[in-house]
Amino acid sequence: MAYKARLAFFLGFLVLLGSLSGCGGGGGGSSISDKVWYNVSLSIKMDSTNARSCRANVDAFANICDDGAFLIEHFSPVTITLTRMDSKVDPGPLYLEKYTITYLPHNPGSPIIPALTVYHTQQLNEGVNPLFVTVMDVQRKEAFANQFLTGQQSISALPVGYTLAYVFYGRNSYGQEWKHEAHAPIFVGQYDECTECSI
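Quantities reported herein were computed from a predicted structural model and do not represent experimental measurements. (Residues numbered from 1 in each chain as written. Predicted model: local features only at pLDDT ≥ 70, side-chain atom pairs only at ≥ 80, totals over all residues. Heavy atoms only, no water.)

Participant: Looking at this model, I keep getting lost on the sheet that holds strand E5 (residues 74-84). Mind explaining?
Facilitator: Across a sheet, paired strands are connected by hydrogen bonds in the backbone, their directions being either parallel or antiparallel. Spatially, three strands are ordered E1-E5-E8 in an open sheet, and the strand pairing comes out antiparallel. Single-partner strands in this sheet number two, and they are strand E1 (38-44) and strand E8 (127-136). The sheet shows a mean angle of 25° between the axes of neighbouring strands, taken without regard to direction. Bridge count between E5 and E8: nine bridges; the pairing is antiparallel. For phenylalanine 75, the partnering residue across the bridge sits in E8 and is threonine 134. (Pairing = 2+ DSSP bridges. Helix = DSSP H or I, 4+ residues; strand = E, 2+ residues; numbered from the N terminus. Axes fitted to C-alpha atoms, helices over the stretch in contact; angles between N-to-C directions.)

Participant: Explain the pattern of salt bridges to me, please; I cannot follow it from the model alone.
Facilitator: If charged atoms from side chains of opposite charge come close, those side chains can pair. Counting across every chain of the model gives four salt bridges. With a shortest N-O distance of 3.5 Å, glutamate 97 and arginine 171 are connected by a salt bridge. Highlighted residues: glutamate 97 in strand E6 (residues 94-105) and arginine 171 in strand E9 (residues 160-172), separated in sequence by 74 residues. With relative accessibility at 33%, the residue glutamate 97 sits in the partly exposed group. In the salt-bridge network here, residues are joined through shared partners; they are Glu97, Arg171 and Glu177. (Salt bridge = Lys/Arg side-chain N within 4 Å of Asp/Glu carboxyl O. Buried < 20%, exposed > 50% of the residue type's maximum accessible area, 1.4 Å probe, protein only.)

Participant: Is there a simple way to think about the sheet that holds strand E10 (residues 177-189) in this case?
Facilitator: What the five strands build is an open sheet, ordered E2-E10-E9-E6-E7; its pairing is mixed. Among the strands making up the open sheet, the edge pair consists of strand E2 (57-59) and strand E7 (116-124). With strand direction ignored, the average angle separating the axes of adjacent strands in the sheet is 35°. Relative to E10, E2 is paired through three bridges, and the arrangement is parallel. Each bridged residue has a counterpart across the sheet, and for asparagine 57 the counterpart in E10 is phenylalanine 187. The sheet contacts of helix H3 (residues 138-149) involve E2, E6, E7, E9 and E10, and relative to E9 the element is tilted by about 165°. (Contact = heavy atoms within 4.5 Å.)

Written as structure tokens, this is what we have:
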């Protein structure tokens, strides 16, 4: 009799645990976006026609401009779009906390560019959310250019193609984590660029 009582209690506990796991975030096997009640889509505007430095051409060499040698961090405009998965559920905003960038060379033997982590906090609301993301910082540009200026790499190999692998990380209003991946091509070279990126 005691065994049956313990068995009934255990089965009841499993049912209760299963019902709690579905509250506010989707059940097992759900994607990250399911758990925060949004479909997340992301567009990296590498093809912007409003400014050359917003494009996929990354200038890694200091240029002689009106105000002297010019080497700037390369940015690109991005839009993150949140679409509510259930019109009856108000999930509140998402919060972006950071993103990582991995530089995947198109050809073996290309200069290795170390991965980059950028801590950037921003509230993301339902609909379209614009922001700027780093494509390559000055430190990585200088290290890249140095390999060509010192003869470790041949200037004739420029520009060098890479695929940027972005991973965006954040949480929702309830502390549940989300992440989203995106990819974009870039070509790192010497473009004599003296303007900053703007939308």
